[in-house]
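# Inside the fold
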Amino acid sequence: MVLFSVRDLSVEAYTAAGTVMPVRRFDLTLNEGDIVGVIGESGSGKTTAVRSMIGLLERNVHIVDGDIRFRGDTIRSNEANRFDTVRGRSIGMVFQSPQRSLNPVRTIASQIGEVLTVLRPDMTRDERQDRMRHVMSSVGFSDVERVLRSYPHALSGGMCQRAAIAAAIAPEPSILIADEATSALDVTTQAEVVTLLKHVTLESDRALVFVTHDILLAAELCSRIVVMYAGEIVEEGLTEQVVNRPRHPYSQALLSAVPLWEPKTSLKGIAGRPPRVLKGFTGCGFADRCAHVREDCRTTIDLQEVAGNHKVRCVLVGDSEDAREAGIGV
Ligand SMILES: Nc1ncnc2c1ncn2[C@@H]1O[C@H](COP(=O)(O)OP(=O)(O)OP(=O)(O)O)[C@@H](O)[C@H]1O
Ligand SMILES: [Mg+2]
């Protein structure tokens, strides 16, 4: 069943240098059990897109267009704004550094307790205590009582992140958003936390949105992948479709920049830098860095289906000869 949908989301940020558009025409659908990876280089709009899903934006950043629904109910439209009905309660968030999610001067018990008091007033005090202990053991703590009595500084980075995940899932949200939630951890701890995120997602038929720079990690964990560039989704599909056969020239360049399945193949960087997308910008953000650029790349381009579930935002998709040459076509 469709848990959550975002249609045509556009976000503006007001800066001294003018109005920029960190997210343009962003669409996302989440079903129960979906694990969706959002990848793209720094500044492509990943954080702004997922924070928009719960209306958690900085003061100079505003959603200017878009329709957001949770289980069919409108959360945001051009007439309505009801993020407070879902934030934390239906959609939980895990941040990059546990220090940002956890308060250093309060024990873990008091923090998870407060989350439950605020977000689950329907529960009795005993039910909240039970729920707290239950989530702490489901994130893998065996010495639950000791950890609950601890302050964050007494715990390792991995333990803090597990406690932050426990706090996020305590109110029983249907969706978890993890924004670079494993980036600050060492590789072994990262693997543990990724396994945990998968476990807590699948055990309760949640959906997980996993934002990361780490394509290998996304490929391992996610069932679907969304590739963002300059505020737009340039490609999306099942993980194997995007990873094994990237179609958009940016995804192709991005994937050839990481040692994917064949560590021996030579790695390529992507020449140039992403553009600063000012309000009024149209066309493909990658055009200036793309070897296949054409005049019509400067016009508005829609996402087009190239195979079941696999969509690409590139003018070459509609042109069989150029597409074949660029390795984009069927
Ligand atoms: N508060 C803000 N004020 C001004 N510009 C902003 C603000 N937030 C985001 N932006 C703009 O939006 C762009 C996208 O930012 P965002 O943080 O969403 O990217 P990201 O893909 O999450 O990057 P990273 O991988 O580094 O986390 C930035 O390059 C910046 O130009
Ligand atoms: Mg980010």
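Residues numbered from 1 in each chain as written. Chains lettered and ligands numbered in written order. Predicted model: local features only at pLDDT ≥ 70, side-chain atom pairs only at ≥ 80, totals over all residues. Heavy atoms only, no water.

### Some details on the overall build of the protein chain
- Of regular secondary structure, the protein chain possesses eleven helices and twelve strands.
- Taken over the C-alpha trace, the protein chain has a radius of gyration of 21 Å; the compact-globule value for 330 residues is 20 Å, and the two agree within 12%.
- Seen through its C-alpha atoms, the protein chain measures out along the principal axes to roughly 65 × 50 × 40 Å.
- Across the 330 residues of the protein chain, 52% fall into the buried class.
- By sequence separation, contacts in the protein chain at least 24 residues apart represent 64% of the contacts at least 6 residues apart.
- Carbon and sulfur atoms make up 49% of the accessible area of the protein chain, which totals about 15200 Å².
- Charge centroids of the protein chain, computed over 38 positive and 42 negative side chains, lie 4 Å from each other. (Helix = DSSP H or I, 4+ residues; strand = E, 2+ residues; numbered from the N terminus. Rg over C-alpha atoms; globule rule 2.2 N^0.38 Å. Buried < 20%, exposed > 50% of the residue type's maximum accessible area, 1.4 Å probe, protein only. Contact = heavy atoms within 4.5 Å. Areas by Shrake-Rupley, 256 points an atom, 1.4 Å probe, with all protein chains shown as cover. Lys, Arg positive; Asp, Glu negative; His and termini not counted. Charge placed at Lys NZ, Arg CZ, Asp CG, Glu CD.)

### Here we look at the domain arrangement of the protein chain
- Domain boundaries in the protein chain define domain 1 (2-222) and domain 2 (249-326).
- Distance between the C-alpha centres of domain 1 and domain 2: 29 Å.
- Each partner contributes residues to the interface: domain 1 has 14 residues there, and domain 2 has 21 residues.
- For the pairing of domain 1 and domain 2, the buried interface totals around 1400 Å² over both sides, and the portion due to carbon and sulfur atoms is 56%.
- Linking domain 1 to domain 2 there are three salt bridges.
- Here Asp302 ties to Arg25 by a salt bridge, and the two come within 3.1 Å at their closest N and O atoms.
- On inspection of domain 1 and its partner domain 2, the count reaches seven residue pairs in polar contact (both at pLDDT 80 or more).
- Counting only elements with at least two residues in the side of domain 1 that touches domain 2, the list comes to β1 (2-15), β2 (18-31) and α8 (215-221).
- Ranked by the residues each element gives to the side of domain 1 that touches domain 2, the list is headed by β2, at five residues.
- Counted by class, the side of domain 1 that touches domain 2 contains seven nonpolar, three polar and four charged residues. (Domains from an automatic or database assignment. Buried area = accessible area lost by both parts, 1.4 Å probe. Salt bridge = Lys/Arg side-chain N within 4 Å of Asp/Glu carboxyl O. Polar contact = N/O pair within 3.5 Å; in protein donor to acceptor, adjacent residues only side chain to side chain. Nonpolar A, V, L, I, M, F, W, Y, C, P; charged D, E, K, R; others polar.)

### Some words on the sheet that holds strand β3 (residues 35-39)
- Taken in spatial order, the eight strands line up as β6-β7-β8-β3-β9-β10-β12-β11 in an open sheet, and their pairing is mixed. Single-partner strands in this sheet number two, and they are β6 (91-94) and β11 (304-307). Across the sheet, the mean angle from the axis of one strand to that of its neighbour is 20°, orientation sign disregarded.
- Strand direction decides the pairing type here: β11 and strand β12 (residues 310-312), joined by three bridges, are antiparallel. Within β12, the position partnered with Glu305 by the bridge is Lys311.
- Sitting on the sheet, helix α6 (residues 157-169) is in contact with β6 and β7 (175-179), with an inclination near 170° to β6.
- Against the sheet, helix α7 (residues 187-203) contacts β3, β7 and β8 (207-211), and its axis sits at roughly 155° relative to β8. (Pairing = 2+ DSSP bridges. Axes fitted to C-alpha atoms, helices over the stretch in contact; angles between N-to-C directions.)

### Regarding the pattern of salt bridges
- Applying the stated rule across the entire model yields 15 salt bridges.
- A salt bridge links Arg133 to Glu145; the nearest nitrogen and oxygen atoms lie 2.6 Å apart. With Arg133 in helix α4 (residues 125-138) and Glu145 in helix α5 (residues 144-149), this residue pair connects regions lying twelve residues apart in the sequence.

### Observations regarding the packing of α6 against α7
- Remark: α6 packs on α7, axes separated minimally by 10 Å, with the N-to-C direction vectors making an angle of 15°. Taken together, the axis directions place α6 and α7 in an arrangement best described as roughly parallel. In the packing of α6 onto α7, the handedness of the crossing is right-handed. Across the interface between the two elements, Gly158, Gln161, Arg162, Ile165 and Ile169 from α6 touch Thr189, Val193, Leu196, Leu197 and Val200 from α7.
- When grouped by side-chain class, the residues that make up the contact of α6 with α7 number six nonpolar, three polar and one charged. (Parallel < 35°, antiparallel > 145°, perpendicular 65-115°, else oblique. Left-handed = near helix turned anticlockwise from the far one by under 90°.)

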